[in-house]
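# Breakdown of the fold
The lines below spell out each chain.
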Amino acid sequence: MIFPARCPLCDGVLEFGKRGPCEKCRYSLPYVKEPVCFKCGREISDDESEYCGDCAKKPRSFNGGFPLLNYVEPAVSSVLRLKYKGRQEYAPFYAKETVRKYGDIFKGLGIDAIIPVPLYKRKLKSRGFNQAELLAREISRLTRIPLRTDILIRINDTIPQKKLSTSEREENLINAFTVKGKINLEKVLIADDIYTTGATIEACTQALKKNGVKRVYYTSICIGKS
Ligand SMILES: [Zn+2]
Ligand SMILES: [Zn+2]
């Protein structure tokens, strides 16, 4: 059985032999544009400030961020379909775009490994895949930076995040990640699907830095407004 290729943005069926976004979506990709926050890479409205609202309020221990798209349509629906409707085939498109935009920077930074934000075991089982890992795997293939899925582990699956306030959520997240075994990495790139407040990336960073990683960067398909 042959599945027709679909546009990774609007999910429209593409003409036979075509791949990637359809004509309409190709020109409506909401890329993150300059000026951006020095910390998380989020688009900011003026050149005067160095940081976005979130990063100005909360000290962040990661070293830099490389988000691809603003979290607005058509990216929102696309990423939600990737995550919840099993549209795993979108991941290579986003990886390719990420490498097109940031690949040289990743190489210039001398990143030793790409690490996807892990899912809880139970969630991984019910979903069947980790969208962050699909993205990381493809970025790794394109840049030849090694993928490491054996380092960062998600634990502490007790309290549903939705029931917590923002600060409780951050605290809960800080304890949600751990590093397995001894790692010998200096610089890593964390990959995730959506960056919202940065609490997840911060929690991953803290776990990695506690275990000897010197510099932590992240990349994400989308980033929400501050
Ligand atoms: Zn489309
Ligand atoms: Zn920021």
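Coordinates for the structure precede this section.
Criteria and thresholds
Residues numbered from 1 in each chain as written. Chains lettered and ligands numbered in written order. Predicted model: local features only at pLDDT ≥ 70, side-chain atom pairs only at ≥ 80, totals over all residues. Helix = DSSP H or I, 4+ residues; strand = E, 2+ residues; numbered from the N terminus. Rg over C-alpha atoms; globule rule 2.2 N^0.38 Å. Buried ≥ 20, exposed ≤ 12 C-beta atoms within 10 Å, placed from the backbone. Contact = placed C-beta atoms within 7 Å. Pairing = 2+ DSSP bridges. Axes fitted to C-alpha atoms, helices over the stretch in contact; angles between N-to-C directions. Right-handed = clockwise from strand over helix to strand, strands pointing away. Parallel < 35°, antiparallel > 145°, perpendicular 65-115°, else oblique. Left-handed = near helix turned anticlockwise from the far one by under 90°. Nonpolar A, V, L, I, M, F, W, Y, C, P; charged D, E, K, R; others polar.

## Let's talk about the overall build of the chain
- The helix and strand tally for the chain stands at eight helices and six strands.
- N-terminal to C-terminal, the α/β element order of the chain is α-α-β-α-α-β-α-α-β-α-β-β-α-β.
- Rg of the C-alpha trace for the chain: 17 Å, near the compact-globule value of 17 Å for 226 residues, within the 12% margin.
- In terms of overall dimensions, the chain has C-alpha extents of about 50 × 45 × 40 Å along its principal axes.
- Relative to its full complement of 226 residues, the chain shows a buried share of 38%.
- Sequence separation of at least 24 residues holds for 72% of the intrachain contacts in the chain that already meet a minimum separation of 6.

## Overview of the pairing of strand E1 (residues 64-70)
- Burial within E1 is extensive, with five of its seven residues counted as buried.
- As defined by bridge partners, E1 adjoins strand E6 (residues 215-223) across six bridges and the pair is classed as parallel. Across the sheet, the residue bridging to Asn-70 is Ile-223, located in E6.

## Remarks on the sheet that holds strand E5 (residues 187-195)
- Overall, parallel pairing links the four strands, which are arranged E1-E6-E5-E2 in an open sheet. Since the sheet does not close on itself, it has two edges, and those belong to E1 and strand E2 (113-116), each with one partner. Strand-to-strand twist across the sheet, computed as the mean angle between neighbouring axes with direction ignored, equals 20°.
- Bridging between E5 and E6 involves eight bridges; their strand directions are parallel. Across the sheet, the residue bridging to Ile-194 is Cys-222, located in E6.
- With respect to the sheet, helix H4 (residues 91-109) is in contact with E1, E5 and E6, its orientation differing from that of E1 by roughly 160°.

## So, the pairing of E6
- Among the nine residues of E6, eight are classified as buried, and the element is accordingly described as predominantly covered.
- Read from E5 through helix H8 (residues 199-210) to E6, the crossover connection turns out right-handed.

## Some thoughts on the packing of helix H7 (residues 166-174) against H8
- Two elements in contact, H7 and H8, have axes separated by 9 Å at closest approach and are oriented at 30°. In terms of axis orientation, H7 runs roughly parallel to H8. H7 and H8 meet at a crossing whose hand is right-handed. Between H7 and H8, the residues in contact are Arg-169, Glu-170, Leu-173 and Ile-174 and Ala-199, Thr-200, Ala-203 and Gln-206, respectively.
- By residue class, the composition of the contact of H7 with H8 is four nonpolar, two polar and two charged.

## Re the environment of Pro-35
- Position of Pro-35 among the secondary structure elements: in the loop between helix H1 (23-26) and helix H2 (53-57).
- A count of 13 C-beta atoms within 10 Å places Pro-35 in the partly exposed class.
- Sequence spacing of Pro-35 and Ser-45 is ten residues, and the spatial spacing of their C-alpha atoms is 7.1 Å.
- Those residues in contact with Pro-35, other than ones at most four positions away along the chain, are Ile-44 and Asp-47.

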